[in-house]
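# Descriptive structure summary
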Amino acid sequence: MINIPECSVVVITYNDAARLGRAVRSVLRQSLRNVEVIIADDASTDDTGKVARELQRRDPRVRYLRGEVNSGGCGVPRNQGVAAARAPYVMFLDSDDELTRHACKSMLLEIERTGADFVTGQISRLYEQTGKTARYYPALFARRRTVEGIAREPEMFLDSFSTNKLYRAELLRRVPFREDMHYEDHVFSTALYCAARRFAVVPWGVYLWHRASAESETRLSISLSLTDMSNVRSRIRAARLSDDILRENGLGDLVHERQRRFIRQDLRVYLNPLPSRDPAWIEEFVSVIHPYLADLDPVVFETVDPLLRVCCSFILDGRPDELLVAARSLNGPKAPPRAAVREGGRTYWGTVADERREITSLRMAELPYSASRLRHEAVVTGEGTLVRLAITTYDPFGVLAATPGWTAFLRFRNHRVRLEPHEPDGGNGGYLSEAAIDLAAIRHGRLGFESRYDPVIEIVNPDGRVTSDRLLVDPSTAPFGTTILWHEVIVKAEGTAAFLRVLWRRQGLLRQLPRLKRAGTRLLRKVDGPEVKLRVYKGLISVLPPRGDLALFESDVGTGYTGNPRYIYEELRRRNAPLKVVWSAVEARGDFPPGVRLVRRMSWRHIWTMARAGYWVDSHGMPLAYPKPPGTRYLQTWHGQGIKSVGFDAPDLRADFDGPRATWRAAVDRWDALVSPSAEFERVFVPSNGYRGRLLRHGSPRCDVLVHGDREAARRARERLEIPHWSRVLLYAPTYRDRAKGSGQSVRADLAAMAESLSGDWTVILRTHPVERFEVPEHLRHFVRQAGSYPEVNDLILLSDALLTDYSSLMCDYAVTGRPMLFLIDDWDEYRRVERGVYHDLPTIAPGPCLTTTEELIEVLRDLDGTTASFATKYIAFRKTWCANEKGHASAKVVDAFFGPFHAQAPDPAEVWERALSAARHPSRLPLPGRLR
């Protein structure tokens, strides 16, 4: 190599011939070509040297260093590599891991741009068994920034790795690695943070940390050899040395922050698998870790996770048996305690109110019934196909005591067994029950299935609400199994928390089923694929006339019974119109009322119904490629109006691509009539979609109920979502972000901060957009009710006292109610300029305050009446723009205008009698909600 490299990557290795080449190639493939690879071999005894020399022979950028004697750690080879490095910048790589393609170049540019002493980037764990990756401490790397010393961001102590960083070489020569210990990374990182006047943080992934699917004990890295008690002692030594380094460098005020890192990261490493350790190991672990924890100032424990704090208290009290119970709640089902105490509005783990064991912030004692937490521990035995369970159910928060008349069931997938729990004499706070399940009696569906499921205990209250939790089992429970109908069935303890899991796996010839199924799928696509269906459909509409008494309805592309189509349909039913109405649905759903005829969307029956229906009614668009049959009339009701760009102005169609635009243009040309809720809708929606047909200017059928009100709907929603009668309700309905669909980024309010300030007065209903993916954390479910799948948004509107949104079209419907609206638009500039685009300046026209922080939102909600009163004039103008036509009779007017003046008719008595007789003879033919025909 002639030129001085820009970056030296030190790859340390020991007896890792199989993976060394992969690591080195990840460096040689870097987009920064002027790199050197220094392989620092710690005296390997396998073929590592041979592999290294071959890599060196093939590429002059590779250099090979070999130690004479194995050092037993990582400090020696890293220091040797640094001493040999010729570049001004250095990175480290372990031989079982990889660098991402642009790691060197991107961090080199960042260190030169910022003048930092080192740059640190995101580590991703790569699980080799599944190929999936998971970012490590993603919150630390959420934003790109330069930090003027560790005192500015002591949270960065969590980033104690040496391998996800690019360093100035001269800094490394001043801060070498310890060579006499394990976990030298921790000591090195502390010294590095003390020495660095400035460091940079980048949010992109730079390092792939491979987690092998199955390594032998001899191949486990130092950090994964957790069963060896010397490993624990090494971590404690590294922790003490790190604390001393901070003090010696005048940063003693940061010692508490680094010690919190020890609890959150180092201690957690041992607590996660602790349930699977034997009692002797746990007892020794407590005795080894106790002295270090006992030296910590109690203030260190105050801000750590409550369950970790509980575990620490049991270590400090020398109670390994209680530590084992608590450690099983850290992972997996995150089970509640066996017992809890509530005093003064606070909740404590155990039977006494010990401040060290306060778990109030987890809010487990405040959850609604269907989300409430019970702890089920089971002893499981198996014989042949029979599984026997002895179950102890703990009710730490008094849920069962407060719910007389409850019943308990054990569910194995779709097989349910009634339990008879009883309290033992003397009482230990638990209910005992027994059950036996014959696995051969469980129906799982078609022959050749494969599945896994976790049995649960269901507790049903007299109102029919269900709360359920998985079963914890002894981690030492040996897996047992049997064979049932060419399937191997295994019952086992799963995960570090050890909960019960059942696996069904194919055996014998059934193992070939996936291959045969794939072949069958390919064949089916040829005879049953979308192209075939479209050709058949076009043939049908060319020879068969549509039926004037058949209508096909669809809402939200077949996902529900809601929106304008629902209310038009109900008006037709009210009039007993002589129409057979069929609804298309993507799957069987229980939110369709009894008597509704359903057809599975894009099935052959659906194709046939589309071809024969004399009327189409929907809220989004019938399948785009399907032309409307000659003679069929198509009513497009659409699903909202508002400030967002739509049609050819929207992101998915504004680009100048002929295909999608032509397809949508043809789809719009099918419409015979369009429901127009307002003049503003006509001004914006009609030209942006190129619509030239008839407009029905009567308002939105879905808004009729908002005009008239429906107390029963509001009561139904409050009951279903388990919202206390005294609580005010905030409906939070953010819209999705086109560039981040399904990411959860639309939920921009800090729900935790809101819960802390408002949970005594308010309950939030979170109504995310159907394309969004967001799961409310358990500790917020006492305050937030997730309602993205609630079947009818109007019920939520009628229940709520105020709306919080950003750019959702729901604002226009909500304005019909006259209730307060708030707008959280912290990304307004990005949304209007880069993201979706808008037709209106929301801050100018909004009928409520436009907010940019959760703190502002909380303040407004505390004085909602006073704040919203100041927007009365804007509210009137907003309603005039979008709600002027909402008079409460849009459904009737639209039916009259599109279908003709069907008047309410009494049903034919002979037909009613015939239906009753048929139902009596054939009760199985009664229409079921959500049943697909």
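For the structure itself, look to the data block above.
Residues numbered from 1 in each chain as written. Predicted model: local features only at pLDDT ≥ 70, side-chain atom pairs only at ≥ 80, totals over all residues. Heavy atoms only, no water.

### Let's talk about the overall build of the chain
Looking only at helices and strands, the chain has 30 helices and 36 strands in total. For 933 residues, the compact-globule estimate of 2.2 N^0.38 gives 30 Å, and the chain sits close to it at 33 Å. A burial count over the chain gives 53% of its 933 residues as buried. Residue pairs at least 24 apart in sequence account for 70% of intrachain contacts in the chain once pairs closer than 6 positions are excluded. (Helix = DSSP H or I, 4+ residues; strand = E, 2+ residues; numbered from the N terminus. Rg over C-alpha atoms; globule rule 2.2 N^0.38 Å. Buried < 20%, exposed > 50% of the residue type's maximum accessible area, 1.4 Å probe, protein only. Contact = heavy atoms within 4.5 Å.)

### Describing the side chain of Thr562
You can see Thr562 is positioned in the loop between strand S24 (547-554) and helix H14 (563-574). Assessed through its relative accessible area of 9%, Thr562 is described here as buried. In this view, Thr562 contacts Ser555, Asp556, Pro791 and Glu792; residues no more than four positions away in its chain are not counted.

### A look at the pattern of salt bridges
One pass over the full model with this rule turns up 71 salt bridges. Across the pair Asp94 and Arg78 runs a salt bridge whose closest N-O atoms are separated by 3.2 Å. Of the two residues, Asp94 is situated in strand S4 (residues 89-94) and Arg78 in helix H3 (residues 75-84); the sequence distance between them amounts to 16 residues. In terms of burial, Asp94 and Arg78 fall into one category: buried. Arg260 is the partner of Glu257 in a salt bridge, and the nearest nitrogen-oxygen pair spans 3.3 Å. Of this pair, Glu257 and Arg260 both sit in helix H8 (residues 255-271), three residues apart, which is roughly one turn of that helix. On the basis of relative accessible area, Glu257 is assigned to the partly exposed category, the value being 28%. The exposure class of Arg260 is buried, given its relative accessible area of 13%. Each of Asp454, Arg470, Lys492, Glu494 and Arg501 takes part in salt bridges that share partners, so that together they form one network. (Salt bridge = Lys/Arg side-chain N within 4 Å of Asp/Glu carboxyl O.)

### A closer look at unusual backbone geometry
Not every positive phi belongs to a glycine, and Trp486 is a case in point at roughly 60°. With respect to the helices and strands, Trp486 occurs in the loop between strand S21 (480-484) and strand S22 (487-494). Its relative accessible area of 53% is what places Trp486 among the exposed residues.

### Things to note about a positive patch on the surface
Residues Arg25, Arg29, Arg33 and Arg101 make up a contiguous surface patch of positive charge. Counting through the fold element by element, Arg33 comes out in the loop between helix H1 (17-28) and strand S2 (35-41). (Patch = residues over 30% accessible without salt bridge, like charges linked within 9 Å, V, L, I, M, F, W, Y side chains within 5 Å. Areas by Shrake-Rupley, 256 points an atom, 1.4 Å probe, with all protein chains shown as cover. Lys, Arg positive; Asp, Glu negative; His and termini not counted. Charge placed at Lys NZ, Arg CZ, Asp CG, Glu CD.)

### Section: the pairing of strand S15 (residues 407-412)
As paired elements, S15 and strand S19 (residues 456-460) share five bridges and run antiparallel to each other. Residue pairing in the sheet places Ala408 in a bridge with Ile459 of S19. Inspection of the sheet shows S15 paired to strand S16 (residues 415-419) by five bridges, in the antiparallel sense. Directly across from Leu410, in S16, lies its bridge partner Val417. Taken together, S15 and the strand that follows it, S16, pair antiparallel across an intervening segment of two residues, in which Arg413 is found at a positive phi of about 55°. (Pairing = 2+ DSSP bridges.)

### Section: H1
Owing to its 3.6 residues per turn, the α-helix brings residues three or four apart onto one side. Relative to the 16 Å expected for twelve residues at 1.5 Å per residue, H1 spans 17 Å between its end C-alpha atoms, a close match to the ideal helical length. Where burial is concerned, most of H1 is hidden: nine out of the twelve residues are buried. Taken together, the buried positions of H1 are occupied by Ala17, Arg19, Leu20, Gly21, Ala23, Val24, Ser26, Val27 and Leu28. Residues of H1 that are buried in the fold lie against strand S1 (7-13), S2, helix H2 (48-58), strand S3 (62-66), S4 and strand S5 (98-99). (Expected span 1.5 Å × (residues − 1).)

### Focus on the packing of helix H7 (residues 229-248) against H8
At a minimum axis separation of 10 Å, H7 and H8 run at an interaxial angle of 170°. As far as their axial angle goes, H8 and H7 are roughly antiparallel. In contact with Asn231, Val232, Arg235, Ile236, Ala239, Ser242, Asp243, Leu246 and Arg247 of H7, H8 contributes Val255, Arg258, Gln259, Phe262, Asp266, Val269 and Tyr270. In terms of residue class, the contact of H7 with H8 is made up of eight nonpolar, three polar and five charged. (Axes fitted to C-alpha atoms, helices over the stretch in contact; angles between N-to-C directions. Parallel < 35°, antiparallel > 145°, perpendicular 65-115°, else oblique. Nonpolar A, V, L, I, M, F, W, Y, C, P; charged D, E, K, R; others polar.)

### Some remarks on the sheet that holds strand S33 (residues 784-786)
Read from one edge to the other, the open sheet built from six strands follows the order S33-S32-S31-S34-S35-S36, with strand pairing classed as parallel. Each of the sheet's edge strands pairs with one partner strand only, and the pair in question is S33 and strand S36 (850-851). Relative to strand S35 (residues 821-824), strand S34 (residues 802-805) runs parallel, the two being bridged by three bridges. Residue pairing for S35: Thr805 is matched across the bridge by Phe823.

### Considering the environment of Ile359
Summarising the element assignment, Ile359 is placed in the loop between strand S12 (346-349) and strand S13 (375-383). On the basis of relative accessible area, Ile359 is assigned to the buried category, the value being 2%. In contact with Ile359, other than residues within four places in its own chain, are Pro306, Val310, Pro337, Thr347, Tyr348, Trp349 and Met364.

### A look at the packing of aromatic side chains
Scanning the model with the defined rule gives 40 aromatic pairs in all. The interplanar angle of 75° and the centroid separation of 5.3 Å between the aromatic rings of Tyr136 and Phe161 together place this pair among those described as edge-to-face. Of this pair, Tyr136 sits in the loop between strand S7 (132-135) and strand S8 (145-147) while Phe161 sits in the loop between S8 and strand S9 (165-168), placing them 25 residues apart in sequence. With a relative accessible area of 17%, Phe161 lands in the buried category. With centroids separated by 5.4 Å and ring planes inclined at 65°, the aromatic side chains of Tyr193 and Phe199 adopt a geometry described as edge-to-face. Judged by its relative accessible area of 0%, Phe199 falls in the buried class. Linked through ring pairs, Phe92, Phe118, Phe157, Tyr167, Phe177, Phe188, Tyr193 and Phe199 together constitute an aromatic cluster. Positioned over the ring face of Phe177 is Arg78, at 5.4 Å from the centre of the ring. The positively charged end of Arg470 is found above the aromatic ring belonging to Phe499, 4.2 Å away from the centroid. (Phe/Tyr/Trp six-rings, centres within 6.5 Å; stacked < 30°, edge-to-face > 60°. Lys NZ or Arg CZ within 6 Å of the ring centre and 35° of its normal.)

Interpretation note: all reported values are geometric properties and have no functional meaning in isolation.
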